[in-house]
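# Structural overview for review
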Amino acid sequence: MKKLILIFIFCGLALKGFAFSAGDLFIKNSRFWQNQVSLSILEQNLISAGLIFDLTKHKDRKDQIYAFYVPFVLKLSILDLTINPFWYPDTNNAQAYGGSIKIESLIRNDEINNTYVKGYLQAAFANQKANIARGLTPVNKENFKQFAFEGGLNLNLANLYNFNLNGNIFTYPDDVKNVSYFGGIMNQSDIADLGTIDYVLNFPEFSAGGSITWISAENTTKTSISYKYINYENNLIAHSVMFRTIIPLTENLITTLIYNHIFATHHTNKDIFGIGLNYLF
């Protein structure tokens, strides 16, 4: 891992015109904590690439969970292409891999009023090898595949206000209806935007919602409020409300503060907090 990070840093510093950033985001509530370390090479006009490592401790799993992501963004003249593969090494008698492909394009650009509308489509796949019980049958280790499809619209006004609407649907070729126990470790938010920083182990059926973001003209602080309706396969319905603010402390140092409240039917409400720092070299 250390060698991979050093190679990543060297490439970022060696390429002319690229900026390099490092960040750390810590998320916690009563059931889990998660620490996310990210490294990224940024280039405004053409490409950006990253390396993300997640370490999670969840009360529903005995051992810590590890995850690696390698997001890559290619910015073309008519669209942006984002590819985000991920891998969960074997822990808790389970492992997972998958990824998503996202295409985003400009739909309308009003240069006179300084507004634009973008739309995106995303498809994702994941496979988990985990202990699964179906109905009254004994637990058996098997591969469990799933897909997620998502779409959204984004309206930007003068680069000060941003309105976002999106929705997604999950499909399970390996039949999720009769699963009575599942020992998977993957966070379902890896393959679709569920509008929460919760570590989601349940099986979503679909979700829909939106967000409003505004930027302070004085200090470029970015603040957003979002809502997401999440419907799960086990007849659980959740409503996620999230508040996020990104505050520039200096020219190169940025802090992120997140509060997420989740209302769930027949379950205790959740309060989740996140704090992060990001440094641009």
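Residues numbered from 1 in each chain as written. Predicted model: local features only at pLDDT ≥ 70, side-chain atom pairs only at ≥ 80, totals over all residues. Heavy atoms only, no water.

### Describing the confidence of the model for the chain
In this model, the chain carries a mean pLDDT of 91, and residues with pLDDT of at least 70 account for 93%. Overall, residues 1–10 carries pLDDT values under 50, and its contacts beyond four positions in sequence, including any with other chains, amount to 13 contacts. (pLDDT = per-residue confidence, 0-100. Contact = heavy atoms within 4.5 Å.)

### Description of the environment of I83
Turning to its location among the elements, I83 is positioned in strand β6 (residues 79–91). Its relative accessible area of 33% is what places I83 among the partly exposed residues. For the pair I83 and V70, spaced 13 residues apart in sequence, the C-alpha separation works out to 8.2 Å. (Helix = DSSP H or I, 4+ residues; strand = E, 2+ residues; numbered from the N terminus. Buried < 20%, exposed > 50% of the residue type's maximum accessible area, 1.4 Å probe, protein only.)

### Concerning the side chain of D110
By secondary structure assignment, the location of D110 is in strand β7 (residues 94–110). As a buried residue without a salt bridge, D110 has its nearest oppositely charged side chain in R108, at a separation of 4.5 Å. In terms of polar contacts, D110 uses its side chain to reach the side chain of N113, at 2.7 Å. (Lys, Arg positive; Asp, Glu negative; His and termini not counted. Salt bridge = Lys/Arg side-chain N within 4 Å of Asp/Glu carboxyl O. Polar contact = N/O pair within 3.5 Å; in protein donor to acceptor, adjacent residues only side chain to side chain.)

### Side note on the packing of aromatic side chains
In total, this model carries 17 aromatic pairs according to the counting rule given. Measuring from ring centre to ring centre gives 5.1 Å for F53 and F68, while their planes differ by 40°; the resulting arrangement is tilted. Of this pair, F53 sits in strand β3 (residues 47–58) while F68 is found in strand β4 (residues 65–69), placing the two residues 15 residues apart along the sequence. Taken together, the aromatic side chains of F53, Y66, F68 and W87 make up a single cluster linked through ring pairs. Above the ring of Y120, the side-chain terminus of K102 is found at 4.5 Å from the ring centroid. (Phe/Tyr/Trp six-rings, centres within 6.5 Å; stacked < 30°, edge-to-face > 60°. Lys NZ or Arg CZ within 6 Å of the ring centre and 35° of its normal.)

### Examining the environment of T91
Here T91 shows up in strand β6. A relative accessible area of 11% means that T91 is categorised as buried. Along the sequence, T91 and I185 sit 94 residues apart, while their C-alpha atoms lie 8.1 Å from each other. Sequence-distant contacts of T91, defined by excluding residues within four places in its chain, comprise Q64, I65, Y66 and I185.

### With respect to the pattern of salt bridges
All chains considered together, the criterion is met by six salt bridges. A salt bridge links K270 to D198; the shortest N-O distance between them is 2.8 Å. Taken as a pair, K270 in strand β16 (residues 270–280) and D198 in the loop between β11 (179–182) and β12 (204–215) lie far apart in primary sequence, 72 residues in all.

### Things to note about the nonpolar core
By size, the foremost hydrophobic cluster in this structure holds 41 residues, and its most contacted members are F86, Y88, F144, F170, M186 and I191. Counting residues per element, this core draws most heavily on strand β8 (residues 115–134), which supplies four residues. Not counting residues within four places of it along the chain, the set of residues in contact with M186 comprises F86, Y88, A96, A126, Q128, Q146, I191, Y199, V200 and L201. (Core = buried A, V, L, I, M, F, W, Y, C linked by side-chain atoms within 4.5 Å.)

### Things to note about the side chain of N127
The topology assignment puts N127 in strand β8. With a relative accessible area of 4%, N127 lands in the buried category. One polar contact links N127 to N143, side chain to side chain, over a distance of 3.0 Å. Ignoring sequence-local partners within four residues, the contact set of N127 consists of Q95, A96, Y97, N143, F144 and K145.

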